[in-house]
Structures are given as C-alpha cells and as structure tokens.
Amino acid sequence: MAPRHGKGLTVLALCALLGCMFGLVAASVPLYRLFCQVTGYGGTTQRASAAPAKEVADRLITVRFDAETAPDLPWEFRPLQASVQVHPGEEKVIAYRAVNRGSQPVTGTATFNVTPLKAGIYFDKLQCFCFTKQHLDAGQSADLSVSFFVDPEIVDDANTRDIDTITLSYTMFRAKTDDAVRSSALPTKSSSVN
C-alpha cells in the first residue's frame, strides 16, 4: 500500500504545482502592468487626478508628439501640433485628430509610452483618450484630447536632470470589439469628413 500512497502524493503535488504555474501566468500581465505604472518602466506614463500643488519649475522641457496607426485600422491619426514647451508642474492640454477613412464604422484603442524611458515615471496624464475606446463612423473625425504635466521632481532627480525633450508616442489599433459608443476622457469635437 505504501507505493500507491506515494504515487498519489506525487500526482497531488504535481497538480498543485501545475495550478500554481497557471495562476502565475494569469497574474503576470496585470502584475507587469502594475509594475510599469508604479515605476515608469518602459516609458509607461503615470496617471494623476490633479496637477501638483508645488510651484512650477523654471526649467523648460519640450514635449514632442508622435502618432502611428496599425495597418489594419483605416484611420488617419496625428497630433494637431508637433510639440509644446512646458515648465515641470504646468498642466497642458493638447489634441490628436483621428479620421476614419474607411467605409465602415470602426472602434480604435490607443497604446502609449514616452521616451526617454526614464522620463515615464515623471510624465503624468490627468485625462486621455487612451483610457477609453474611440468609435468613429465612416468618414467621421474627432479631436482627441490629452491633459498632462511633467512632475517637478524630474528636476531634482540626478538620473533625469539631463532631459530637455520628452516624446509622447501613441499607436492606434483596431479594438477587439467595435463598440457603437465613443467615449473620451475630455470632450472631443466630431464632424463628418467629405
């Protein structure tokens, strides 16, 4: 009887190990996202509810804007301005324009990051179109807003004192589901394109 009992324990231990492995796989994506949000790893920006109460720093930083569109999304997607200059701590609002050049309604969703990567922990978004899916009917356009600030602590960090330019990049993808409702973090201007 002892050998059978040993095999049962081995099978049970292997099942428990397999269950732990599946649990780690399932938790890895949310844990990685959380790690990136907390540390700014990989140029992940931060999310804030308000601009800092600290004084605005004297230093000027140029924030450039970049946009890419996935090949399967029939949209034109671009920033409305190439760059702005900001003082760390100063809130800015800029916009990107999305135009559905296709013949069908399409829902898009954006991913984002900043470069240099070490600036991610100091780049804070207050509101952004990237927090929600964007739905555009055929020929429709929308101006999609981003409200952000650069944390004044960037000036005091020895690792980031050399940063004078930050690039905010978005890539717009086709959403997995084409939702009929478009919801953006800030009001957008919509119109039909002829």
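Cut-offs used in this document
- The residue numbers shown here count from 1 along each chain, following its written sequence.
- Note on the predicted model: pLDDT of at least 70 is required for a residue's local features to be given, and 80 or more for side-chain atom pairs to be given and counted; whole-chain, interface and lining totals, by contrast, use all residues.
- Excluding hydrogens and water, the side-chain values take into account all heavy atoms of the structure.
- By definition, any uninterrupted DSSP run of H or I lasting at least four residues is a helix, any uninterrupted run of E lasting at least two residues is a strand, and each is numbered from the N terminus.
- Here, two residues are considered to be in contact whenever any of their heavy atoms come within 4.5 Å of each other.
- Exposure was quantified through the Shrake-Rupley algorithm and a 1.4 Å probe, taking into account, for residues, occlusion by the shown protein chains and nothing else.
- Think of a polar contact as two N or O atoms within 3.5 Å of one another; within protein, one of them needs to be a possible hydrogen donor and the other a possible acceptor, and neighboring residues in sequence only count if both atoms come from side chains.
- Paired rings are identified among Phe, Tyr and Trp, the last through its six-membered ring, by centres lying within 6.5 Å, and are further divided according to the angle between planes into stacked (under 30 degrees), edge-to-face (over 60) and tilted (the rest).
- A simple rule labels every residue: compare its accessible area, found with a 1.4 Å probe on the protein chains alone, to the largest value its type can have, and call it buried under 20%, exposed over 50%, or partly exposed in between.
- To sit over a ring, a charge needs its Lys NZ or Arg CZ within 6 Å of the ring centre and within 35 degrees of the ring normal.
- The predictor's confidence in any single residue is recorded as pLDDT, a number from 0 to 100.

**So, the overall build of the protein**
In step 1: A tally of regular secondary structure across the protein gives 1 helix and 11 strands.
In step 2: The N-to-C order of helical and strand elements in the protein reads α-β-β-β-β-β-β-β-β-β-β-β.
In step 3: Excluding contacts between residues fewer than 6 apart, the proportion of contacts in the protein whose partners are at least 24 apart in sequence is 80%.
In step 4: Summed over all atoms, the accessible surface of the protein reaches about 11100 Å², with 58% contributed by carbon and sulfur.

**Some remarks on the side chain of aspartate 151**
In step 1: Looking at the element boundaries, aspartate 151 is found in the loop between strand 9 (140–150) and strand 10 (165–174).
In step 2: In this structure the side chain of aspartate 151 is engaged in a polar contact, spanning 2.8 Å, whose partner is the backbone nitrogen of glutamate 153.

**A word on the packing of aromatic side chains**
In step 1: Taken as a whole and assessed by the stated rule, the structure comprises 9 aromatic pairs.
In step 2: Pairing phenylalanine 65 with phenylalanine 148 gives two aromatic rings, centres 6.2 Å apart and planes at 65 degrees, and the pair type is edge-to-face. In this pair, phenylalanine 65 sits in strand 2 (residues 61–69) while phenylalanine 148 sits in strand 9, placing the two residues 83 residues apart along the sequence. You'll find phenylalanine 65 and phenylalanine 148 in the same group, each marked buried.
In step 3: An aromatic cluster of at least three residues, connected via ring pairs, comprises Phe65, Phe77, Tyr96, Phe112, Phe123, Phe129, Phe148 and Tyr170.
In step 4: The ring of phenylalanine 112 is capped by lysine 125, whose NZ or CZ atom sits 3.2 Å from the centre of that ring.

**Digging into the confidence of the model for the protein**
In step 1: Model confidence for the protein is summarised by a mean pLDDT of 80, while 70% of its residues fall at 70 or above.
In step 2: Across residues 28–43 the pLDDT falls below 50, and counting only partners more than four positions away or on other chains, this stretch makes 21 contacts in the model.

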